[in-house]
Amino acid sequence: MPPPELPTPAPDGVADIHFDAQDRASLYRVLHARRDMRHFLPGQAVPPQVLSRLLQAAHSAPSVGLMQPWRLIRIEDPALREGIARLVDAERQATAVALQERSAEFLALKVEGVRECAELLVAVLAPDDGTLFGRRTMPRDMALCSAACAIQNLWLAARAENLGMGWVSLFDPVQLGQLLQLPAGAQAIAVLCLGPVPAFYARPMLELQDWRQGRPLAEMVATDRWPG
Ligand SMILES: Cc1cc2nc3c(=O)[nH]c(=O)nc-3n(C[C@H](O)[C@H](O)[C@H](O)COP(=O)(O)O)c2cc1C
């Protein structure tokens, strides 16, 4: 039997790259310098070629069964941006009520930059296309994880372009779906604020503002059974 043919390398020749120490250092620097950003420089723009690189980065994400369940909607209409900002404001108030004794502390946090960021994108989980490979036991979770991979790619690529990105999940998905005229079965999962920032936070803003401290890696890694 002849050996099975190898897949044709990608036309742009990216199939077999050897990364050197400098490449690795850059990647780790981006990973560690990425932050969820909520402060943006107003009145800025993201150059079209940069935006296109970012969208391509998102679209290069892995996905279950190559399902690619992400859709990215770029918000250009100022009235639509304002509508989204109002949905976020409403959910911020509802969250404050639900938080009870931490309500005032929460309201003092900046939790989004919808009105001032240069670019506003909404990431949408597409209607289920019936992909079965890898999804028989956890269909929605695996689609959602795939869409999150695309968002993380975008986040990291934005940081490498020296642009900030903030993932905003404070919204009612049904109302946002109506605003964006999403089809049945589609769900907005992230409002993504993107653009130049005055400065990147040195640590997660929730840590800097004493909302919560991140836990060390050692508490998250275990061998053979659940840690603890
Ligand atoms: C799924 C998801 C939803 C999030 N939603 C919000 C949000 O609505 N508002 C906000 O201020 N930050 C939001 N964040 C950002 C987190 O607060 C942030 O990632 C975390 O505090 C760690 O900070 P870092 O991303 O700078 O490391 C979200 C992050 C993720 C992954």
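You'll find the structure just up there.
Residues numbered from 1 in each chain as written. Predicted model: local features only at pLDDT ≥ 70, side-chain atom pairs only at ≥ 80, totals over all residues. Heavy atoms only, no water.

Draft legend 1. Structural view of the site of the ligand. In the vicinity of the ligand, the contacting residues are Arg34, Arg35, Asp36, Arg38, Val111, Trp167, Val168, Ser169, Leu170, Pro204 and Leu206. A distance of 2.8 Å is found between an oxygen atom of the ligand and a backbone nitrogen or oxygen belonging to Asp36. Contacts to the ligand include Val111, whose backbone N or O atom sits 3.0 Å from an oxygen atom. About the coverage of the ligand: the protein hides 71% of its 620 Å² of free accessible area. The residue makeup of the shell around the ligand, split by class, is six nonpolar, one polar and four charged. (Near = heavy atom within 4 Å. Polar contact = N/O pair within 3.5 Å; in protein donor to acceptor, adjacent residues only side chain to side chain. Areas by Shrake-Rupley, 256 points an atom, 1.4 Å probe, with all protein chains shown as cover. Nonpolar A, V, L, I, M, F, W, Y, C, P; charged D, E, K, R; others polar.)

Draft legend 2. Main features of the pattern of salt bridges. Enumeration according to the criterion identifies 12 salt bridges in this entry. Where Arg38 meets Asp36, a salt bridge forms, and the shortest distance between an N and an O atom there is 2.8 Å. Judged by relative accessible area, Asp36 falls into the buried class, the value being 18%. As a salt-bridge pair, Arg115 and Asp89 come within 3.1 Å of each other at their nearest N and O atoms. (Salt bridge = Lys/Arg side-chain N within 4 Å of Asp/Glu carboxyl O. Buried < 20%, exposed > 50% of the residue type's maximum accessible area, 1.4 Å probe, protein only.)

Draft legend 3. A look at a nonpolar patch on the surface. Residues Val14, Ile17 and Phe19 make up a contiguous nonpolar surface patch of roughly 280 Å² in combined accessible area. Here Phe19 is to be found in the segment before α1 (21-33). (Patch = residues over 30% accessible without salt bridge, like charges linked within 9 Å, V, L, I, M, F, W, Y side chains within 5 Å. Helix = DSSP H or I, 4+ residues; strand = E, 2+ residues; numbered from the N terminus.)

Draft legend 4. Summary view of the sheet that holds strand β4 (residues 187-195). Strand order in the open sheet formed by four strands is β1-β2-β4-β3, with antiparallel pairing between adjacent strands. Strands with a single pairing partner mark the edges of an open sheet, and in this sheet they are β1 (70-75) and β3 (164-168). Ignoring which end each strand starts from, the neighbouring axes of this sheet average 25° apart. Note: β3 against β4, five bridges, orientation antiparallel. Bridged to Val168 within β4 is Val191. Each of β1, β2 (119-125) and β4 is contacted by helix α2 (residues 48-59), which is oriented at about 160° to β1, the strand it contacts most. (Pairing = 2+ DSSP bridges. Axes fitted to C-alpha atoms, helices over the stretch in contact; angles between N-to-C directions. Contact = heavy atoms within 4.5 Å.)

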